[in-house]
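Residue-level structural notes
Chain by chain, the residues run as shown.
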Amino acid sequence: MRVARFVAQGDPTYGVVELAEDQGPHPETVAVVSGDPLAGPVHYTGERLALADVRLVAPVIPRSKIVGIGRNYVEHARELGNEAPASPLAFLKPNTSVVGPDEPIVRPAETTDLHYEGELAVVIGRICRRVPVERAGDVIFGYTVANDVTCRDLQKTDGQWTRAKGFDSFCPLGPWISTHIDLEEAGRLDLLTSLNDEPVQVGNTSLMVHPIAELISYVTSFTTLLPGDVILTGTPAGVGPMEPGDRVSVTISGIGTLTNPVVAEDA
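Residues numbered from 1 in each chain as written. Predicted model: local features only at pLDDT ≥ 70, side-chain atom pairs only at ≥ 80, totals over all residues. Heavy atoms only, no water.

The omega torsion of the bond from Gly174 to Pro175 falls at 0 degrees, within 30 degrees of zero and hence cis. Topologically, Pro175 is positioned in strand β14 (residues 171-178). In this model, Arg71 sits at a positive phi of 55 degrees, which is unusual for a non-glycine residue. Structurally, the position occupied by Arg71 is in the loop between β6 (66-70) and α1 (74-79). For Arg71, a relative accessible area of 26% puts it in the partly exposed group. In the Ramachandran plot, Asn196 falls in the positive-phi region, its phi being about 50 degrees despite a non-glycine side chain. One can find Asn196 in the loop between β15 (190-195) and β16 (198-204). (Helix = DSSP H or I, 4+ residues; strand = E, 2+ residues; numbered from the N terminus. Buried < 20%, exposed > 50% of the residue type's maximum accessible area, 1.4 Å probe, protein only.)

Now for the sheet that holds β15. Taken in spatial order, the five strands of this open sheet run β9-β20-β19-β15-β16, and their pairing is mixed. Edge strands, defined here as strands with exactly one partner in the open sheet, are β9 (105-107) and β16. Strand-to-strand twist of the sheet, defined as the mean angle between neighbouring strand axes without regard to direction, takes the value 20 degrees. Relative to β16, β15 is paired through six bridges, and the arrangement is antiparallel. Note that in β16 the partner of Ser194 across the bridge is Pro199. (Pairing = 2+ DSSP bridges. Axes fitted to C-alpha atoms, helices over the stretch in contact; angles between N-to-C directions.)

So, on to the pairing of strand β2 (residues 13-18). Most of β2 sits inside the fold, with five of its six residues counted as buried. Here five bridges tie strand β1 (residues 2-7) to β2, and the two strands are oriented antiparallel to one another. Residue pairing for β2: Ala4 is matched across the bridge by Gly15. Hairpin connection between β1 and β2: a loop of five residues separates the two successive antiparallel strands, and Gly10 in this loop has a positive phi of roughly 85 degrees.

The three strands are arranged β13-β10-β18 in an open sheet whose pairing can be described as antiparallel. Strand pairing shows two members of the sheet lacking a second neighbour, β13 (150-151) and β18 (240-241), which therefore form its edges. Direction of pairing for strand β10 (residues 114-116) relative to β13: antiparallel, over a ladder of two bridges. When the sheet's bridge partners are listed, Leu114 is paired in β13 with Cys151.

For the structure on display, the rule yields zero disulfides. Free cysteine: Cys128, not disulfide-bonded; nearest cysteine sulfur from Cys171 at 18 Å. (Disulfide = S-S within 2.5 Å.)

In this structure, Leu120, Val122, Tyr143, Ile212, Ile216, Ile231 and Ile255 are the most contacted members of the largest nonpolar core, which totals 29 residues. Of all the secondary structure elements, the ones that give two or more residues to this core are β6, β11 (118-124), β12 (140-147), α5 (212-219) and β19 (247-252). No other element matches α5, which puts five residues into this core. In this structure, Val122 is in contact with Ile140, Gly142, Tyr143, Ile212, Ile216, Asp229, Val230, Ile231 and Thr233, ignoring residues within four places of it in sequence. Grouped together as the second largest cluster of nonpolar side chains are 18 residues, Ala121, Val123, Cys171 and Leu232 included. (Core = buried A, V, L, I, M, F, W, Y, C linked by side-chain atoms within 4.5 Å. Contact = heavy atoms within 4.5 Å.)

Printed below as a string of structure tokens:
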């Protein structure tokens, strides 16, 4: 199932997306549901809209936090002159950094070196603390696509990553949450990032140093995760700069494609 959050008229609404590839009776539509599936039970309202007639927004606004994982692919760590850490390297991004598909990534005036980082994002479905590795799948609601936007220059000069990764618009998420992918499948998904339609990152989630279940266990060892919280699982090699006027797309097999334009602040 693909759970989307969209605007047709009025406030954002949740729905279930059916694509042509599903070979179902309602291709390229979204079936409207009542309520928030991350907060409690929902029901189909009976309304169905053409996907082309709605505007997709971020499929989740985390209740409390986004936990990022740094240097979780060996070749990415090396391309920036680092080694992959023995334990997961965690950092936080504020929920105000979240934007949805086709919303602009805003390059702030403070940076001259803005980078894309295509990633698989895990959406948490229940309150959890100290989750054993073997129970990690029980707390996952689904998966979506993310771009962990980073001011590379500020990351180097600040010595910690809050500002470099925390600006508004620095966490695009979308296009929807795929709930039909199990933990094993999520560990072998292809990832492709393109800049202006040119491939720049090609990877597979099987190359993670610390796999998804280990990340969930590690993160919940020091903080409680709430429904709707998001874990960014790290980026493969190939990161690089993006400039105002560029468009960056991240595609993950089995989920979909997240595309965002880049603009200058106050443009």
